[in-house]
2 protein chains.
Amino acid sequence: MKLLLIEDDAILADGLMHTLRNSGYKMTCAGSGKAVEQLLLAQDFDLILLDLGLPDMDGLTLLRSIRRRKLPIPILILTARDGINDRIEGIEQGADDYLSKPFELRELEARIQGLIRRCYGGFASTIALGGLVLDTQQHQVLAEGQILPLSARELGLLEILLLQAGKVVSKDRLAQRLAQDDEALSDNAIEIYVHRLRKRIESCGVSIRTVRGLGYLIEAADAT
Amino acid sequence: MKLLLIEDDAILADGLMHTLRNSGYKMTCAGSGKAVEQLLLAQDFDLILLDLGLPDMDGLTLLRSIRRRKLPIPILILTARDGINDRIEGIEQGADDYLSKPFELRELEARIQGLIRRCYGGFASTIALGGLVLDTQQHQVLAEGQILPLSARELGLLEILLLQAGKVVSKDRLAQRLAQDDEALSDNAIEIYVHRLRKRIESCGVSIRTVRGLGYLIEAADAT
DNA sequence: ATCAACCTTTCAGAAACCTTTCAACAGCTC
DNA sequence: GAGCTGTTGAAAGGTTTCTGAAAGGTTGAT
């Protein structure tokens, strides 16, 4: 799960990065509007944490510009201002949730979890499909109660697909998201992992369908 | 259990370090705000002891700056001031407990224990898993009533794992938390201790599972 | 038929982890 | 101090698992 933190207070940023990383999120931080632009062009994120109360960056403008791109990324606003107006404005501009400073870490994590759930996976902190249950917190997949042994890449792939269950995910996108650092994987590598994953989950009532020319999508297995 | 003592009176600091070390805590001391910053960036602590009554350091500011980073570390305030206002202010700023000087050493230890319990271990002062019982006060582990003979490192490792029973703890984190002073242990060292610990506890209905690429987790042994 | 997209198998190299061995060291006893 | 005992972690080598390139087969569209 890849989060982008937009925060220009280095100290707070540092603490949040540290904590959230410990909770199992892949974290990236941007301290300026330009950095945000670049990162959004170059990478995909699952969620954006945006601090509005920044002295040298207009958060709302940034928010609008993110939304203008029609990126389907949930955005969680952090702000020192707690005026209702700001709140409303933020939400009108496309924020998905709102948290006023000072906030409890625990609450932040809860909101993040909540957003992920709402945007990607129904209402549980797990996403279920067929006989599979992905636990987005523990980063493991259960098949009928048993932990499904998956390698890091396989798990990553399954996570991405499940988060968009029923929707097509392009090969490029997968290659992008699975990469550890910068370089994307080759198309062939994706094919290999799709293949391996199919073998692992074939008995779980879930299947990965190929949509020629577009990508893959995961769905409950048809009684075909 | 790793404590950070923030205290600039060298004599008092020294005495506390000594006493608490004797009680089985790993102690680190910082005498200035800068030192605190650096230590918090570099290491993880389980608890912070912060002396507010410092002549050349504003403790409350420090407290606020620690809390601003949203680090989930319990903080115990020590202070010469006993005004109720200070107390309230301290707690509002994010302290988890409060102790006025002069205090009994015994009381300090009790408070530390209490905080640790509240923050990490539910309500008991022992943590049980399978046939093991960790006594967080006595710093010993019982296996079916018998004291399990463990070296310091082995005990430290087991303690960290048990405090997070069922969750994966990364090797880095273990390396970090086990270190006495500053340098983290090598990965190999962790592997060695996991190995040794496994041998010691294998007959206790508890097992340490390897989660490739992520770390280790301790759990009640499967009836496989 | 032809071509691009996709599937599948194989395999070597890499990475992560396990295990043993051993030297350095600390604490203890006599 | 000398000798003993237990602890610690570096070193080295072994094992397992993961990873993705390569190569060839299959499928579907035109």
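As a reminder, the structure under discussion sits directly above these lines.
Residues numbered from 1 in each chain as written. Chains lettered and ligands numbered in written order. Predicted model: local features only at pLDDT ≥ 70, side-chain atom pairs only at ≥ 80, totals over all residues. Heavy atoms only, no water.

**Observations concerning the overall build of chain A**
Keep this limit in mind: Runs of H or I in DSSP of at least four residues are treated as helices and runs of E of at least two as strands, each being numbered from the N terminus. Relative accessible area decides the class of each residue, using a 1.4 Å probe on protein chains only: under 20% of the type maximum gives buried, over 50% gives exposed, and in between gives partly exposed. Contact definition: two residues touch when any of their heavy atoms are within 4.5 Å. Here the accessible surface of atoms and residues is derived via Shrake-Rupley with a 1.4 Å probe, and residues count as covered only by protein chains that are part of the display.
When its secondary structure is counted, chain A shows eight helices and 11 strands. The proportion of buried residues among the 224 residues of chain A is 47%. Long-range pairs, those at least 24 residues apart, make up 56% of the contacts in chain A with a sequence separation of at least 6. Surface exposure of chain A reaches about 11,100 Å², of which carbon and sulfur atoms provide 49%.

**Let's talk about the pattern of salt bridges**
Residue and element names in this part refer to chain A. Heads up, the rule is: We define a salt bridge as a side-chain nitrogen of Lys or Arg found within 4 Å of a carboxyl oxygen belonging to Asp or Glu.
For the coordinates displayed, the defined rule picks out eight salt bridges over all chains. Salt-bridge contacts for Arg-177 lead to Asp-46; the nearest nitrogen and oxygen are separated by 2.6 Å. One end of the pair, Arg-177, is in helix α7 (residues 171-178); the other, Asp-46, is in the loop between α2 (33-42) and β3 (47-51), with 131 residues separating them in the sequence. For Arg-177, a relative accessible area of 8% corresponds to the buried category. Using a relative accessible area of 4% as the deciding quantity, one classes Asp-46 as buried. Residues Lys-171 and Glu-191 are paired through a salt bridge, measuring 2.7 Å at the closest nitrogen-oxygen approach.

**Regarding helix α1 (residues 10-22) of chain A**
Residues and elements named next belong to chain A. As a reminder of what qualifies: The length a helix should cover is 1.5 Å for every residue beyond the first. Any pair of N or O atoms that falls within 3.5 Å is considered a polar contact. Within protein, one atom must be able to donate a hydrogen and the other to accept it, and sequence-neighbouring residues count only if both atoms are side-chain atoms.
Helix length check: α1, at 13 residues, gives a terminal C-alpha distance of 18 Å against a target of 18 Å (1.5 Å per residue), a fit within 8%. Among all positions of α1, only Leu-12, Ala-13, Gly-15, Leu-16, Met-17, Thr-19 and Leu-20 are buried. Of the residues flanking the start of α1, the one acting as N-cap is Asp-9, its side-chain oxygen 2.9 Å from the backbone nitrogen of Ile-11. Positive backbone phi, at 100°, marks Gly-24, one or two positions downstream of α1.

**Examining the packing of aromatic side chains**
To describe a pair of aromatic rings, you give the distance between the ring centres and the angle between the ring planes. Let me state the cut-off plainly: When two rings of Phe, Tyr or Trp (its six-membered ring) have centres within 6.5 Å they constitute a pair, described as stacked for plane angles under 30 degrees, edge-to-face for angles over 60, and tilted for the intermediate range. Here, a charge over a ring means that NZ of Lys or CZ of Arg falls within 6 Å of the ring centre while also lying within 35 degrees of the ring normal.
Overall, the coordinates contain zero aromatic pairs over all chains when judged by the stated rule. Directly above the ring of Phe-45 of chain A sits Lys-2 of chain A, whose terminal nitrogen or CZ lies 5.9 Å from the centroid.

**Comments concerning empty space enclosed by the protein**
Residue and element names in this part refer to chain B. Counted only if it meets this: Cavity and pocket criteria rest on a 1 Å grid covering protein atoms alone: a 1.4 Å probe that fits but cannot get out defines a cavity, protein on both sides within 12 Å along at least 5 of 7 lines defines an open pocket, and an atom within 4 Å of a point defines a lining residue. Grid points are joined across faces, edges and corners, and a volume is the space filled by probe spheres set on the points. Polar here means any residue other than Ala, Val, Leu, Ile, Met, Phe, Trp, Tyr, Cys and Pro, which are nonpolar, and Asp, Glu, Lys and Arg, which are charged; Gly is therefore polar.
Per the stated rule, a full pass over the model turns up three cavities of 30 Å³ or more. What the largest cavity holds in volume is close to 80 Å³. Every residue along the wall of the largest cavity is listed here: Met-1, Lys-2, Lys-26, Asp-46, Gly-156, Glu-159, Ile-160, Leu-163, Arg-177 and Leu-178. Per-element accounting of the lining of the largest cavity gives the leading share, four residues, to helix α6 (residues 152-163). Residues of the lining of the largest cavity, tallied by class, amount to four nonpolar, one polar and five charged.

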